[in-house]
Amino acid sequence: MKKIKFMLLAIAAGVSSLFGGVYNVDASHTNVTFSVKHMMISTVNGEFEKFDGSFELDDETNKLVALTGEMDVASINTNIAKRDSHLKSDEIFNAEMYPKVTFVLEKVEGDKAYGKLTIKGTTKEVVLDYEFGGTITDPWGRQRAGLSLEGKIDRRDYGITWNQALEAGGVVVGEIVKLNIEIQGILKAEDDF
(Lines give C-alpha, C1' and ligand atoms only; values in the text may rest on other atoms or scores of the structure.)
Protein backbone atom coordinates (compact mmCIF):
# COMPACT_ATOMS: atom_id res chain seq x y z
CA MET A 1 0.00 0.00 0.00
CA LYS A 2 2.87 2.39 0.81
CA LYS A 3 4.47 1.70 -2.58
CA ILE A 4 1.21 2.51 -4.37
CA LYS A 5 0.87 5.79 -2.45
CA PHE A 6 4.46 6.70 -3.28
CA MET A 7 3.92 5.98 -6.98
CA LEU A 8 0.74 8.07 -7.05
CA LEU A 9 2.48 10.97 -5.34
CA ALA A 10 5.42 10.75 -7.73
CA ILE A 11 3.15 10.68 -10.77
CA ALA A 12 1.18 13.63 -9.44
CA ALA A 13 4.46 15.53 -9.07
CA GLY A 14 5.40 14.66 -12.66
CA VAL A 15 8.40 12.50 -11.79
CA SER A 16 8.59 8.80 -11.13
CA SER A 17 11.44 6.67 -9.91
CA LEU A 18 10.10 3.47 -11.53
CA PHE A 19 8.67 3.40 -15.04
CA GLY A 20 9.68 -0.01 -16.28
CA GLY A 21 8.55 -1.25 -19.66
CA VAL A 22 9.25 -0.86 -23.37
CA TYR A 23 9.80 2.64 -24.76
CA ASN A 24 9.65 3.81 -28.37
CA VAL A 25 12.35 6.30 -29.27
CA ASP A 26 10.87 9.79 -29.64
CA ALA A 27 12.72 11.03 -32.74
CA SER A 28 11.79 14.66 -32.13
CA HIS A 29 13.65 14.61 -28.80
CA THR A 30 16.54 12.29 -29.68
CA ASN A 31 19.89 13.08 -31.30
CA VAL A 32 22.25 10.62 -32.98
CA THR A 33 25.46 12.54 -33.63
CA PHE A 34 29.11 11.89 -34.44
CA SER A 35 32.32 13.85 -34.83
CA VAL A 36 35.66 13.22 -36.52
CA LYS A 37 38.89 15.15 -36.97
CA HIS A 38 39.29 17.03 -40.27
CA MET A 39 42.77 17.72 -41.65
CA MET A 40 44.18 16.95 -38.20
CA ILE A 41 43.33 20.43 -36.88
CA SER A 42 39.57 20.71 -36.37
CA THR A 43 36.46 18.61 -35.82
CA VAL A 44 33.53 18.04 -38.18
CA ASN A 45 30.17 17.16 -36.62
CA GLY A 46 27.34 15.27 -38.22
CA GLU A 47 24.10 13.51 -37.42
CA PHE A 48 21.66 10.93 -38.65
CA GLU A 49 18.35 12.75 -39.11
CA LYS A 50 16.23 9.60 -39.54
CA PHE A 51 16.36 6.71 -37.10
CA ASP A 52 14.12 4.36 -35.18
CA GLY A 53 14.46 2.26 -32.09
CA SER A 54 13.18 1.12 -28.73
CA PHE A 55 14.51 0.30 -25.31
CA GLU A 56 13.30 -1.52 -22.22
CA LEU A 57 13.68 -0.67 -18.56
CA ASP A 58 13.32 -3.31 -15.85
CA ASP A 59 10.04 -2.93 -13.90
CA GLU A 60 11.72 -3.18 -10.51
CA THR A 61 14.99 -1.30 -10.97
CA ASN A 62 14.69 0.91 -14.10
CA LYS A 63 17.88 -0.80 -15.30
CA LEU A 64 18.29 -0.73 -19.07
CA VAL A 65 17.80 -4.34 -20.22
CA ALA A 66 17.30 -3.95 -23.98
CA LEU A 67 17.94 -1.38 -26.68
CA THR A 68 17.86 -1.55 -30.46
CA GLY A 69 18.47 1.30 -32.86
CA GLU A 70 18.53 1.71 -36.61
CA MET A 71 19.93 4.77 -38.39
CA ASP A 72 19.14 5.65 -42.00
CA VAL A 73 22.46 6.29 -43.79
CA ALA A 74 20.75 8.38 -46.48
CA SER A 75 19.76 10.86 -43.75
CA ILE A 76 23.35 11.69 -42.79
CA ASN A 77 23.85 15.44 -42.45
CA THR A 78 27.03 17.44 -41.84
CA ASN A 79 25.53 20.68 -43.22
CA ILE A 80 27.63 20.44 -46.41
CA ALA A 81 25.70 18.80 -49.26
CA LYS A 82 28.82 17.83 -51.24
CA ARG A 83 30.40 16.16 -48.20
CA ASP A 84 27.12 14.39 -47.35
CA SER A 85 26.94 12.99 -50.90
CA HIS A 86 30.50 11.70 -50.55
CA LEU A 87 29.69 10.08 -47.18
CA LYS A 88 26.73 8.26 -48.78
CA SER A 89 28.83 7.11 -51.75
CA ASP A 90 30.46 3.68 -52.12
CA GLU A 91 33.79 5.20 -51.00
CA ILE A 92 32.46 5.72 -47.47
CA PHE A 93 29.12 4.29 -46.20
CA ASN A 94 27.78 2.95 -49.53
CA ALA A 95 24.21 3.88 -48.59
CA GLU A 96 22.75 2.11 -51.60
CA MET A 97 24.13 -1.30 -50.59
CA TYR A 98 24.12 -0.73 -46.81
CA PRO A 99 21.21 1.60 -46.06
CA LYS A 100 21.20 1.13 -42.28
CA VAL A 101 23.56 1.40 -39.32
CA THR A 102 22.29 -0.70 -36.41
CA PHE A 103 23.03 -1.10 -32.71
CA VAL A 104 21.82 -3.89 -30.41
CA LEU A 105 22.48 -3.74 -26.68
CA GLU A 106 23.85 -6.89 -25.05
CA LYS A 107 24.19 -5.76 -21.44
CA VAL A 108 24.75 -2.84 -19.07
CA GLU A 109 27.29 -3.03 -16.28
CA GLY A 110 27.46 0.08 -14.14
CA ASP A 111 28.07 3.04 -16.42
CA LYS A 112 29.05 0.92 -19.45
CA ALA A 113 26.78 -0.37 -22.21
CA TYR A 114 28.00 -3.33 -24.26
CA GLY A 115 26.52 -4.01 -27.66
CA LYS A 116 26.96 -4.83 -31.31
CA LEU A 117 27.30 -2.05 -33.86
CA THR A 118 26.83 -2.89 -37.54
CA ILE A 119 28.12 -0.57 -40.26
CA LYS A 120 28.52 -1.55 -43.94
CA GLY A 121 27.63 -5.16 -43.14
CA THR A 122 30.37 -5.48 -40.51
CA THR A 123 29.38 -6.11 -36.89
CA LYS A 124 31.73 -5.32 -34.02
CA GLU A 125 31.43 -5.34 -30.25
CA VAL A 126 31.47 -1.82 -28.78
CA VAL A 127 31.56 -0.45 -25.24
CA LEU A 128 29.85 2.90 -24.70
CA ASP A 129 29.57 5.16 -21.69
CA TYR A 130 26.00 4.96 -20.39
CA GLU A 131 24.01 7.40 -18.30
CA PHE A 132 20.37 7.03 -17.28
CA GLY A 133 18.61 10.39 -17.34
CA GLY A 134 15.54 9.35 -15.38
CA THR A 135 11.82 9.03 -15.93
CA ILE A 136 8.99 11.53 -15.87
CA THR A 137 5.31 11.94 -16.68
CA ASP A 138 4.89 14.63 -19.33
CA PRO A 139 2.05 17.22 -19.26
CA TRP A 140 -0.07 14.93 -21.47
CA GLY A 141 0.16 11.95 -19.11
CA ARG A 142 2.71 9.96 -21.12
CA GLN A 143 5.59 8.28 -19.36
CA ARG A 144 9.01 9.24 -20.70
CA ALA A 145 12.57 8.11 -20.02
CA GLY A 146 15.92 9.46 -21.12
CA LEU A 147 19.39 8.01 -21.51
CA SER A 148 22.73 8.87 -23.06
CA LEU A 149 25.36 6.78 -24.84
CA GLU A 150 28.75 7.97 -25.97
CA GLY A 151 32.02 6.45 -27.06
CA LYS A 152 34.56 6.06 -29.82
CA ILE A 153 35.03 3.67 -32.72
CA ASP A 154 37.75 3.22 -35.32
CA ARG A 155 36.02 3.62 -38.67
CA ARG A 156 38.56 1.31 -40.34
CA ASP A 157 37.12 -1.59 -38.31
CA TYR A 158 33.97 -1.23 -40.42
CA GLY A 159 35.67 -1.03 -43.80
CA ILE A 160 35.50 2.77 -43.98
CA THR A 161 39.07 3.36 -45.07
CA TRP A 162 38.87 6.22 -47.60
CA ASN A 163 41.35 9.00 -46.93
CA GLN A 164 43.65 11.45 -48.62
CA ALA A 165 47.19 12.40 -47.57
CA LEU A 166 48.02 16.01 -46.89
CA GLU A 167 51.17 17.62 -48.33
CA ALA A 168 52.17 18.86 -44.88
CA GLY A 169 51.68 15.39 -43.39
CA GLY A 170 48.67 13.69 -41.90
CA VAL A 171 45.37 12.89 -43.56
CA VAL A 172 42.08 14.60 -44.41
CA VAL A 173 39.85 12.44 -42.19
CA GLY A 174 40.67 11.11 -38.73
CA GLU A 175 40.33 7.41 -38.00
CA ILE A 176 38.58 7.72 -34.64
CA VAL A 177 34.91 8.68 -34.68
CA LYS A 178 33.22 9.95 -31.53
CA LEU A 179 29.58 8.93 -31.03
CA ASN A 180 27.09 10.85 -28.92
CA ILE A 181 23.51 9.61 -28.64
CA GLU A 182 20.88 11.35 -26.51
CA ILE A 183 17.69 9.27 -26.38
CA GLN A 184 14.23 10.10 -25.10
CA GLY A 185 11.56 7.45 -25.23
CA ILE A 186 7.82 7.23 -24.65
CA LEU A 187 6.44 4.20 -22.81
CA LYS A 188 4.43 1.99 -25.13
CA ALA A 189 0.75 1.76 -24.34
CA GLU A 190 -0.77 -1.72 -24.08
CA ASP A 191 -2.60 -1.26 -27.38
CA ASP A 192 0.75 -0.48 -29.12
CA PHE A 193 1.88 -4.12 -28.83
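The structure contained in this document is the topic of the report that follows.

## What about the environment of leucine 149?
Structurally, the position occupied by leucine 149 is in strand S11 (residues 143-154). C-alpha of leucine 149 to C-alpha of isoleucine 181: the two residues are 32 residues apart in sequence and 5.1 Å apart in space. Here leucine 149 is in contact with Leu67, Ala113, Leu128, Asp129, Tyr130, Leu179, Asn180, Ile181 and Ile183, once residues within four sequence places are set aside.

## Examining the nonpolar core
Among the nonpolar cores identified, the biggest contains 41 residues, and Phe55, Leu64, Leu67, Phe93, Leu117 and Leu149 are the most heavily contacted of them. Looking at this core element by element, the count peaks at five residues for strand S12 (residues 173-187). Once residues lying within four places of it in the same chain are set aside, the contact partners of leucine 64 are Phe55, Glu56, Leu57, Leu105, Val108, Tyr130 and Leu147.

## Looking at the pattern of salt bridges
According to the stated counting rule, one finds nine salt bridges in the structure shown. Put simply, arginine 142 and aspartate 138 hold a salt bridge, and the shortest N to O gap is 2.9 Å. On the basis of relative accessibility, which here comes to 8%, the residue aspartate 138 falls in the buried class. A salt bridge links arginine 156 to aspartate 154; its shortest N-O distance comes to 2.5 Å. Judged by relative accessible area, which is 40%, arginine 156 ranks as partly exposed. With a relative accessible area of 14%, aspartate 154 lands in the buried category.

## Some details on the environment of arginine 142
Relative to the elements of secondary structure, arginine 142 occurs in the loop between strand S10 (122-137) and S11. What makes arginine 142 partly exposed here is its relative accessible area of 35%. In this structure, the C-alpha to C-alpha distance between arginine 142 and alanine 189, residues 47 residues apart in sequence, is 9.0 Å. The residues contacting arginine 142, other than those within four sequence positions of it, are Ile136, Thr137 and Ile186.

## Side note on the packing of aromatic side chains
Following the criterion strictly, the structure yields three aromatic pairs and no others. Taking the centre distance of 5.8 Å and the plane angle of 50° together, the rings of phenylalanine 34 and phenylalanine 48 count as tilted. Here the residue phenylalanine 34 occupies a position in strand S3 (residues 31-38), and phenylalanine 48 occupies one in strand S4 (residues 42-48), the gap between them amounting to 14 residues. Overall, phenylalanine 48 belongs to the buried group, its relative accessible area being 8%. When the ring of phenylalanine 48 is compared with that of phenylalanine 93, the centres are 6.3 Å apart and the planes differ by 80°; the resulting orientation is edge-to-face.

## Here's the deal with the side chain of threonine 118
The residue threonine 118 is located in strand S9 (residues 112-119) in this model. For threonine 118, a relative accessible area of 19% puts it in the buried group. Only 2.6 Å separates the side chain of threonine 118 from the side chain of threonine 123, close enough to count as a polar contact. Ignoring any residue separated from it by four or fewer positions in sequence, one finds threonine 118 in contact with Lys100, Val101, Thr102 and Thr123.

What counts and what doesn't
- Residues numbered from 1 in each chain as written.
- Predicted model: local features only at pLDDT ≥ 70, side-chain atom pairs only at ≥ 80, totals over all residues.
- Heavy atoms only, no water.
- Helix = DSSP H or I, 4+ residues; strand = E, 2+ residues; numbered from the N terminus.
- Contact = heavy atoms within 4.5 Å.
- Core = buried A, V, L, I, M, F, W, Y, C linked by side-chain atoms within 4.5 Å.
- Buried < 20%, exposed > 50% of the residue type's maximum accessible area, 1.4 Å probe, protein only.
- Salt bridge = Lys/Arg side-chain N within 4 Å of Asp/Glu carboxyl O.
- Phe/Tyr/Trp six-rings, centres within 6.5 Å; stacked < 30°, edge-to-face > 60°.
- Polar contact = N/O pair within 3.5 Å; in protein donor to acceptor, adjacent residues only side chain to side chain.

As far as function goes, none of this settles anything; it's purely spatial.
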